[in-house]
Amino acid sequence: QVQLVESGGGLVQAGGSLRLSCAASGRTFSNYAMGWFRQAPGKERELVARISWGGGTTYYPDSVKGRFTISRDNAKNTVYLQMNSLKPEDTAVYYCAGGIMAWTKGKYDYWGQGTQVTVSS
């Protein structure tokens, strides 16, 4: 079993930056691909970044490409999401998730509780 706990959310002005962290319990963290998702009120959950188990491969949708950076430190069992040039439309609850089949099949077995990010205009 893996538990994920996000932190680092908050209120920021447009153009600002935030770094989210996701701390994982368990010794098998390095076996899991990880992803960051977000869900805004009334909208579907969307993937904003994912990273392979070793950290060598990442993916971003066009909506955040060039502004968001995902990274991980397997020695610390932590995955990060650096968010720069934030826009009001980035406002959402952000979740980290992970799974052994996350990279190949998009199957995420473990989810955090979420952290709110609010970007004011």
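Residues numbered from 1 in each chain as written. Predicted model: local features only at pLDDT ≥ 70, side-chain atom pairs only at ≥ 80, totals over all residues. Heavy atoms only, no water.

Draft legend 1. Looking closely at the pattern of salt bridges. Within this structure, the stated rule accounts for 5 salt bridges. A salt bridge links Asp109 to Lys107; its shortest N-O distance comes to 2.4 Å. By relative accessible area, Lys107 is classed as partly exposed at 45%. Taken together, the shared-partner salt bridges connect Arg38, Glu46, Arg67 and Asp90 into one network. (Salt bridge = Lys/Arg side-chain N within 4 Å of Asp/Glu carboxyl O. Buried < 20%, exposed > 50% of the residue type's maximum accessible area, 1.4 Å probe, protein only.)

Draft legend 2. Just the state of the cysteines, in detail. Enumeration according to the criterion identifies 1 disulfide in this entry. Disulfide pairing places Cys22 opposite Cys96 at an S-S distance of 1.9 Å. Its S-S torsion of about 45 degrees marks the bond between Cys22 and Cys96 as right-handed, since a negative value means left-handed. Of the two residues, Cys22 sits in strand E3 (residues 18–24) while Cys96 sits in strand E9 (residues 92–99), which places them 74 residues apart along the sequence. (Disulfide = S-S within 2.5 Å. Helix = DSSP H or I, 4+ residues; strand = E, 2+ residues; numbered from the N terminus.)

Draft legend 3. Representation of the packing of aromatic side chains within the structure. One pass over the full model with this rule turns up 4 aromatic pairs. Both rings, one in Phe37 and one in Trp111, keep their centres 4.8 Å apart while their planes meet at 50 degrees; by these two values the pair is tilted. Linking Phe37 in strand E4 (residues 33–39) with Trp111 in strand E10 (residues 110–111), this pair joins segments that are 74 residues apart in sequence. Judged by its relative accessible area of 9%, Phe37 is buried. Taken together through their ring pairs, the aromatic side chains of Phe37, Tyr108 and Trp111 make up a single cluster. Over the ring of Trp103 we find Arg50, and its NZ or CZ is 4.1 Å from the ring centre. If you follow Arg72 out to its NZ or CZ, it ends over the ring of Phe29, 4.5 Å from the centre. (Phe/Tyr/Trp six-rings, centres within 6.5 Å; stacked < 30°, edge-to-face > 60°. Lys NZ or Arg CZ within 6 Å of the ring centre and 35° of its normal.)

Draft legend 4. Broad picture of the nonpolar core. Among the nonpolar cores identified, the biggest contains 29 residues, and Trp36, Leu81, Met83 and Tyr94 are the most heavily contacted of them. At the level of secondary structure, the elements contributing two or more residues to this core comprise E3, E4, strand E5 (46–51), strand E7 (68–73), strand E8 (78–83), E9 and strand E11 (115–120). In terms of residues, this core owes the most to one element, E3, which gives 4 residues. In contact with Leu81, other than residues within four places in its own chain, are Leu18, Arg19, Leu20, Trp36, Val48, Ala49, Phe68, Thr69, Ile70 and Tyr94. Ala33, Ala97, Ala102 and Tyr108 belong to the second-largest nonpolar core, a separate cluster that totals 5 residues. (Core = buried A, V, L, I, M, F, W, Y, C linked by side-chain atoms within 4.5 Å. Contact = heavy atoms within 4.5 Å.)

Draft legend 5. Spatial organisation of the sheet that holds strand E1 (residues 4–7). Across the sheet, 4 strands lie side by side as E1-E3-E8-E7; this open sheet has antiparallel pairing. Two strands in the sheet have a free side with no partner beyond their single neighbour: E1 and E7. Between one strand and the next, the sheet's axes are offset by a mean angle of 15 degrees, whatever the strand orientation. Pairing of E3 with E8, which is carried by 6 bridges, proceeds in the antiparallel orientation. Considered in E8, the bridge of Arg19 is made with Gln82. (Pairing = 2+ DSSP bridges. Axes fitted to C-alpha atoms, helices over the stretch in contact; angles between N-to-C directions.)

Draft legend 6. Examining the side chain of Ser21 more closely. Among the structural elements, Ser21 can be located in strand E3. Residue classification places Ser21 among the buried positions, given a relative accessible area of 16%. Discounting chain neighbours no more than four positions away, the residues touching Ser21 are Val5, Glu6, Ser7, Trp36, Thr78, Val79 and Tyr80.

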